[in-house]
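# Architecture at a glance
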Amino acid sequence: MIEQPTGIEANYSLIVKDLPPNVQLVAVSKTYNAETVARIYNVGQRVFGENKVQELVEKYTALPKDIHWHLIGHLQTNKVKYIAEFIDTIQSVDSRKILKEIDKQAGKHNRKIKVLLQVKIAEEDTKYGLESSEAKEIFTEYLNDIYPNVEVQGLMGMATFTDNEKQVQNEFSSLKNLFDELAAQKPLTVLSMGMSNDYKLAIDCGATSVRIGSAIFGSRATEH
């Protein structure tokens, strides 16, 4: 008899089976130690998301180098230099200032860094993000080669944390509409929206990438 996986490996397996083939899974490993991350790596996951630079650097140092690291949390300009050499994607570009710094640091390492423009779609004041009009302006600048060392792959957004499914659906749909508008000017591939509690709805609304942490790793004992 084949032994069935248990714990976080089983959680991971169920989610992967549930995802459409065109949807990327970013396993959100923030607050979990490198040993825990390695367990999911060992069953095949290669894309992980972190929201703190210091924790990201520590895990990058400790874990295999074929991991594609995504920075999904708010990024301060003075921290970009610590990740510019190895980061795969920065999903949380929420200002012109941070994009300029990413472009600058990427140039120092002679590479292009993939980024997503984070758009504020939630009603909560605690959420970071660009207004839609700002995102359009920055994207136009990108098309005019203002940021030669970045590759804008698409958009990211976080919906309001609410039980009102219709509200969340409307927020996701608004981001999809903006994504389609920008993609008509230059093809985009990544629409990152949806987390452990709402990723299925996000996929229904057009997400091509979802950020799932607690549904894989379990509830976090601490947030920092």
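Reference entry: report on the structure contained in this document. The structure presented is a predicted model; accordingly, all values stated were derived computationally and were not measured.

Quantified by volume, the second largest pocket comes out at close to 160 Å³. Around the second largest pocket sit Thr160, Phe161, Thr162, Asp163, Asn164, Glu165, Val168, Asn197, Asp198 and Leu201, which together line it.

Counting through the fold element by element, Asp204 comes out in helix H7 (residues 199-204). With 32 residues separating them along the chain, Asp204 and Phe172 place their C-alpha atoms 9.4 Å apart.

A cluster of like positive charges, contributed by Lys52, Lys79, Lys81, Lys104 and Lys108, occupies part of the molecular surface. Along the chain, the position of Lys108 falls in helix H4 (residues 96-108).

In this section: the packing of aromatic side chains. Across all of its chains, the model carries 4 aromatic pairs by this definition. Taking the centre distance of 4.6 Å and the plane angle of 25° together, the rings of Tyr32 and Phe217 count as stacked. Highlighted residues: Tyr32 in the loop between strand E1 (24-28) and helix H2 (34-41) and Phe217 in helix H8 (residues 214-217), separated in sequence by 185 residues. The same class applies to Tyr32 as to Phe217, namely buried. Ring centres of Phe48 and Trp69 lie 5.9 Å apart, and the angle between their planes is 40°; this geometry places the pair in the tilted category. Within this pair, whereas Phe48 is found in strand E2 (residues 47-50), its partner Trp69 is found in strand E3 (residues 68-71), the two being separated by 21 residues in sequence. When the ring centre of Tyr41 is taken as origin, the NZ or CZ atom of Arg46, which lies over that ring, is 3.6 Å away.

Further remarks concern the nonpolar core. Core analysis: the largest hydrophobic core is formed by 65 residues, its most contacted members being Ile90 and Ile102. With 6 residues, the top contributor of residues to this core is helix H6 (residues 165-183). With residues near it in sequence (within four places) discarded, Ile90 still touches Leu71, Leu75, Ile83, Ile102, Ile113, Lys114, Val115 and Leu116.

Conventions and cut-offs
- Residues numbered from 1 in each chain as written.
- Predicted model: local features only at pLDDT ≥ 70, side-chain atom pairs only at ≥ 80, totals over all residues.
- Heavy atoms only, no water.
- 1 Å grid on protein atoms, 1.4 Å probe; cavity = no way out; pocket = protein on both sides within 12 Å on 5 of 7 lines; lining within 4 Å.
- Points joined across faces, edges and corners; volume = space filled by probe spheres on them.
- Helix = DSSP H or I, 4+ residues; strand = E, 2+ residues; numbered from the N terminus.
- Patch = residues over 30% accessible without salt bridge, like charges linked within 9 Å, V, L, I, M, F, W, Y side chains within 5 Å.
- Areas by Shrake-Rupley, 256 points an atom, 1.4 Å probe, with all protein chains shown as cover.
- Salt bridge = Lys/Arg side-chain N within 4 Å of Asp/Glu carboxyl O.
- Lys, Arg positive; Asp, Glu negative; His and termini not counted.
- Charge placed at Lys NZ, Arg CZ, Asp CG, Glu CD.
- Phe/Tyr/Trp six-rings, centres within 6.5 Å; stacked < 30°, edge-to-face > 60°.
- Buried < 20%, exposed > 50% of the residue type's maximum accessible area, 1.4 Å probe, protein only.
- Lys NZ or Arg CZ within 6 Å of the ring centre and 35° of its normal.
- Core = buried A, V, L, I, M, F, W, Y, C linked by side-chain atoms within 4.5 Å.
- Contact = heavy atoms within 4.5 Å.

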